[in-house]
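The residues making up each chain are set out below.
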Amino acid sequence: MYLPQEIIATKRDGKRLSKNQIQHFVDGIVRGDFFDYQATALLMAIVLNGMDPEETTALTEAMLHSGRIENLDAIKRPKIDKHSTGGVGDKVSILLAPLMASAGLCVPMMSGRGLGHTGGTIDKLESIPGFNINLEQSMYENQLARIHQAMIGQSPDIVPADQILYSLRDVTGTVESIPLICASILSKKLAEGIDALVLDVKCGSGAFMTNESNARELAHALVGISKSMGKPASAILTRMNQPLGCAIGNSLEVIESISCLCGNGPKDLMQVTYELGAEMLRLGGICEEEDEAFQLMQNKISSGEALSAFRQLVHAQGGSTQVVDDTSLFSRSKHSHSYIFNGEKPAYISEIHAKYIGEAARILGAGRSHAKEVIDSAVGIYLNYKVGDFIKPGETLCRVDYNDSNKLVHALDRIEKALSFTTEEVVIDNVIIERITD
Ligand code: URA
């Protein structure tokens, strides 16, 4: 039996917590025996003094077992998921679930909503008329057995410890801690009943980790802790300095995803999708070599099988498949106006600051500043040009879809702040920085 103040004092003094102390702390939080101020005191002590890999594994394990853990053993295909640490214009999950299902994997994907300047997969999918992200457990399992993919929101009985701890971290300045981030992400992903996990750890101006070495440290920690819990994992470190692809905003991003599945995806978005997909196929034992995996994915797109798998997913979850076949029917038609942002002088684009573009989209109504805000799925920004492109005066750099002209004024401020130009040619860094495997 441990007193909460003893556990807090141990970490405050920079000492290790035992597995039992960590388990007792997590149980106390979930049962309501510990007060929020005790939980946040310990969280702050962890932010300041860290946790070693054994402590982080113990925390992940205790959080994982705080709720229901899916058992997908009846599904014979390899069950592999992907998680991204979040960015702007990141619609890779929407591409990967059908692409991987068509290539022989099973993808049980539970995703989050967007908060702040980053978008959330669930919000994007909900822009498809009728798409249901709340499947009951039996429907979810049946769908996985039948079409090998499901994309749903976080169920409340999965990792309740994270729901309590994350909401406290969000308002007490205790999000930025590698052990806390690892335990939060991995407990939720491992509760899905997966065999292996691929992580897209983003760094840059639009990412949660702006600094490359911190992102690398997080990627290594995630891969190491997952492995220590018996789940093979890989991480791909990717750049998030400019938005990924061209579309930012919920329905715009689904439309862009459909276009990618038809074989017309922008280069950076397809590079990240293929790199993560190749790692999922490797961990699932479908392809050994990257070249073979790239070939398989390209074939699935050019044959139309990946798009057809997406149509199956939308149909299975109650969404309108008509919008998949004709994206002009999309709720995008619900935006009332478009503002065209033109280039003024001949110049190369040297920066499209991802965070400012994400903020502009949020201001338009595509995202939330607090969890209860209602989003407008039709608004957003479409970039006709990306960093390194040359733009002539009068050419359209981007289109801004909006419904409220007051919001537009503030959003345009952010877009202007996001853009920088130069007369010199721009060297573009590869969007893929590094692959970290176990
Ligand atoms: N995403 C999560 O799910 N948890 C964190 O702690 C940070 C990002």
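Because the structure is a prediction, the values reported are computed rather than measured. (Residues numbered from 1 in each chain as written. Predicted model: local features only at pLDDT ≥ 70, side-chain atom pairs only at ≥ 80, totals over all residues. Heavy atoms only, no water.)

1. What to know about the overall build of the protein
The line we're drawing: Numbering of helices and strands runs from the N terminus; a helix is a DSSP stretch of H or I covering at least four residues, while a strand is a stretch of E covering at least two. The reference for a compact globule is 2.2 Å times residues^0.38; the radius of gyration itself is calculated from the C-alpha atoms. Residue burial is assigned from relative accessible area. The probe radius is 1.4 Å, only protein chains are included, and a residue is buried under 20% of its type maximum, exposed over 50%, and partly exposed in between. Should any heavy atoms of two residues lie within 4.5 Å, those residues are considered in contact. Positive charges are assigned to Lys and Arg, negative charges to Asp and Glu, while His and the chain termini are left out of the count. A charged residue contributes its charge at one atom only: NZ of Lys, CZ of Arg, CG of Asp or CD of Glu.
Tallying secondary structure elements over the protein gives 17 helices and 13 strands in all. Its C-alpha atoms give the protein a radius of gyration of 22 Å, near enough to 22 Å, the size a compact globule of 438 residues would have. Once the C-alpha set of the protein is aligned to its principal axes, its extents read approximately 70 × 45 × 40 Å. Looking at the 438 residues of the protein, the share that counts as buried comes to 57%. Across the protein, every contact between residues at least 6 apart in sequence was considered, and the portion connecting residues at least 24 apart equals 79%. Between the centroid of the 41 positive side chains of the protein and the centroid of its 55 negative side chains there is a distance of 2 Å.

2. Focus: the domain arrangement of the protein
The cut-off we apply is this: Residue ranges labeled as domains rest on an automatic or database domain assignment. Here's the idea: put two parts together, see how much 1.4 Å probe accessible area each one loses, and the total over both is what we call buried area. When a carboxyl oxygen of Asp or Glu is within 4 Å of a side-chain nitrogen of Lys or Arg, the pair counts as a salt bridge. Side-chain atoms alone can form a polar contact between residues adjacent in sequence; in general such a contact is a pair of N or O atoms within 3.5 Å, and within protein one must be able to donate a hydrogen while the other accepts it. Here the term charged refers only to Asp, Glu, Lys and Arg, the term nonpolar to Ala, Val, Leu, Ile, Met, Phe, Trp, Tyr, Cys and Pro, and the term polar to all other amino acids, Gly among them.
Parsing the protein into structural domains produces domain 1 (4-50), domain 2 (80-325) and domain 3 (334-422). When each unit is reduced to the centre of its C-alpha atoms, the spacing between domain 2 and domain 3 is 24 Å. Counting residues at the interface gives 24 residues for domain 2, matched by 26 residues for domain 3. Between domain 2 and domain 3 lies a buried interface of about 1,800 Å² when both sides are counted; carbon and sulfur atoms form 57% of it. Counting across the interface, domain 2 meets domain 3 through 2 salt bridges. A salt bridge links Arg368 to Asp123; the shortest N-O distance between them is 2.8 Å. Where domain 2 meets domain 3, there are 11 residue pairs in polar contact (both at pLDDT 80 or more). Elements represented by at least two residues in the side of domain 2 that touches domain 3 include exactly strand 6 (247-248) and helix 11 (250-261). Across the side of domain 2 that touches domain 3, the residue classes break down as 9 nonpolar, 12 polar and 3 charged.

3. Describing the sheet that holds strand 13 (residues 432-437)
Under the convention used in this document: If DSSP finds at least two bridges between two strands, the strands pair. In this analysis, axes come from line fits to C-alpha atoms, helices being fitted only over the stretch in contact, and the angle between any two N-to-C directions falls in the range 0 to 180 degrees.
Strand order in the open sheet formed by 4 strands is 1-4-5-13, with mixed pairing between adjacent strands. Looking at which strands have only one partner, the edges of the open sheet turn out to be strand 1 (80-84) and strand 13. Along the sheet, successive strands turn relative to each other by an average axial angle of 15°, direction set aside. The pairing of strand 1 with strand 4 (residues 196-203) spans 5 bridges and is classified as parallel. Bridge pairing in strand 4 places Ser84 opposite Asp200. On the sheet, helix 9 (residues 178-190) packs against strand 1 and strand 4 and is oriented at approximately 155° with respect to strand 1.

4. Comments concerning the site of the ligand
Put simply, the rule reads: In this text, near means that some heavy atom of the residue lies within 4 Å of the molecule or strand in question. All accessibility values rest on the Shrake-Rupley procedure with a 1.4 Å probe; residue burial counts only the protein chains present in the view.
The environment of the ligand is made up of Tyr166, Arg169, Ile181, Ser184, Ile185, Lys188 and Phe208. Within the side chain of Arg169, a nitrogen or oxygen atom sits 2.9 Å from an oxygen atom of the ligand. Burial of the ligand by the protein chains amounts to 86% of its free accessible area of 240 Å². Counting only elements with at least two residues in the shell around the ligand, the list comes to helix 8 (160-170) and helix 9. In terms of residue count, the dominant contributor to the shell around the ligand is helix 9 (4 residues).

5. Remarks on the sheet that holds strand 9 (residues 380-383)
Pairing within the open sheet is antiparallel, and its 4 strands lie in the order 6-9-11-7. Each edge of the open sheet is held by one strand with a lone partner, namely strand 6 and strand 7 (337-342). Across 6 bridges, the pairing between strand 7 and strand 11 (residues 396-402) is antiparallel. Residue pairing for strand 11: Tyr339 is matched across the bridge by Val400. Lying over the sheet, helix 16 (residues 354-364) contacts strand 6, strand 9 and strand 11, oriented at roughly 140° with respect to strand 9.

6. Structural notes on the packing of aromatic side chains
Keep this limit in mind: In summary, the pairing rule links any two rings of Phe, Tyr or Trp, Trp by its six-membered ring, whose centres are within 6.5 Å, and it sorts them by plane angle into stacked for under 30 degrees, edge-to-face for over 60 and tilted for everything else. Whether a charge sits over a ring comes down to the Lys NZ or Arg CZ being within 6 Å of the ring centre and within 35 degrees of the ring normal.
A full pass over the atoms with the stated rule returns 5 aromatic pairs. Consider the rings of Phe25 and Phe34, whose centres lie 6.1 Å apart with planes at 50°: the pair is tilted. Comparing Phe25 with Phe34 shows no difference in burial state: the two are buried. An angle of 65° between the planes, with centres 6.4 Å apart, marks the rings of Tyr339 and Phe341 as edge-to-face. Relative accessible area serves as the criterion here: at 33%, Tyr339 is assigned to the partly exposed category. Over the face of the ring belonging to Tyr166 we find Lys188, whose NZ or CZ atom lies 5.9 Å from the ring centre. The cationic tip of Lys417 hangs over the ring face of Tyr356; the distance from NZ or CZ to the ring centre is 4.4 Å.

7. Let's talk about the layout of surface pockets
Applied cut-off: Note on definitions: the grid is 1 Å and covers protein atoms alone; a cavity is a set of points where a 1.4 Å probe fits but cannot get out; a pocket is an open set with protein on both sides within 12 Å along at least five of seven lines; lining residues have an atom within 4 Å of a point. Grid points are joined across faces, edges and corners, and a volume is the space filled by probe spheres set on the points.
By volume, the second largest pocket is sized at about 540 Å³. Every residue lining the second largest pocket is counted, 24 residues in all, and those nearest its centre are Gln242, Asp268, Val387, Ile428 and Asp429. Mapped onto the lining of the second largest pocket, the elements with two or more residues apiece are helix 12 (267-283) and strand 8 (347-352). Class assignment for the residues of the lining of the second largest pocket results in 11 nonpolar, 6 polar and 7 charged. Mapped onto the domain boundaries, the lining of the second largest pocket takes at least three residues apiece from domain 2 (80-325) and domain 3 (334-422).

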